[in-house]
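# A closer look at the structure
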Amino acid sequence: MDISTVEFSVYDKVTGQVTVSGTTQKVNASFHVQPGQALVYKWLKGTEDYMDVTSQPMRPKLRPALPGFDKLTIKADGTDAATIVLPDAMTVTIDGLPAQHEAGPLAFKADSPGAYVVSITQFPYLDFSAVITAT
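So, how was this worked out
- Residues numbered from 1 in each chain as written.
- Predicted model: local features only at pLDDT ≥ 70, side-chain atom pairs only at ≥ 80, totals over all residues.
- Heavy atoms only, no water.
- Helix = DSSP H or I, 4+ residues; strand = E, 2+ residues; numbered from the N terminus.
- Rg over C-alpha atoms; globule rule 2.2 N^0.38 Å.
- Buried < 20%, exposed > 50% of the residue type's maximum accessible area, 1.4 Å probe, protein only.
- Contact = heavy atoms within 4.5 Å.
- Areas by Shrake-Rupley, 256 points an atom, 1.4 Å probe, with all protein chains shown as cover.
- Salt bridge = Lys/Arg side-chain N within 4 Å of Asp/Glu carboxyl O.
- Pairing = 2+ DSSP bridges.

Bringing the overall build of the chain into the picture now. Helices and strands together make up the secondary structure of the chain, namely zero helices and twelve strands. Order of helices (α) and strands (β) in the chain, N terminus to C terminus: β-β-β-β-β-β-β-β-β-β-β-β. Here the chain has a C-alpha radius of gyration of 20 Å; the compact-globule value for 135 residues is 14 Å, and the former is much larger. Along the three orthogonal principal directions, the C-alpha set of the chain runs to about 70 × 25 × 20 Å. Counting all 135 residues of the chain, 33% fall into the buried class. Of all intrachain contacts in the chain linking residues separated by at least 6 positions in sequence, the fraction that spans at least 24 positions is 48%. Carbon and sulfur atoms provide 55% of the accessible area of the chain, an area that totals close to 7,900 Å².

This is the structure we're talking about:
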């Protein structure tokens, strides 16, 4: 029985998303794996890393960041826009209301003055949030 201490991570076999990371006795590491998951003897921070399941051999990668908006202040005239280019189809949440957006430019416009919270949570990309102020 191997009672040495190891760092480990568990990830989803399909997406590569890290679900658990920790330190345990090597003999106990497999107890953290659920169906559809795999174990790697590395410490991966799920907030920053994922397992690239498309590469051979599979390897950890940093989660990519979205580019951000070109500006955070716009005129509340329904014409001026803050633009972000999305690399994939993603769910964009604006002030709590989700909407699907295809890959490519997303132009945020507002008719009314205010601060609008735009959030994107789309794995493997890092979570993104910005406040756009319409004046």
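A separate point is the pattern of salt bridges. Side-chain pairs of opposite charge can arise whenever the charged atoms involved come near each other. Evaluation of the coordinates by the stated rule reveals four salt bridges. A salt bridge links Lys45 to Glu48, with the nearest nitrogen and oxygen atoms 3.4 Å apart. The residue Lys71 makes a salt bridge to Asp80 at a minimum N-O spacing of 2.7 Å.

Turning next to the sheet that holds strand β9 (residues 97-101). Spatial strand order, β6-β12-β11-β8-β9: five strands in an open sheet with mixed pairing. Each having just a single partner strand, β6 (73-74) and β9 make up the two edges of the open sheet.

For Pro113, the location among the structural elements is in the loop between β10 (104-108) and β11 (114-120). When near neighbours in sequence (up to four residues on either side) are disregarded, Pro113 contacts Ala76 and Ala134.

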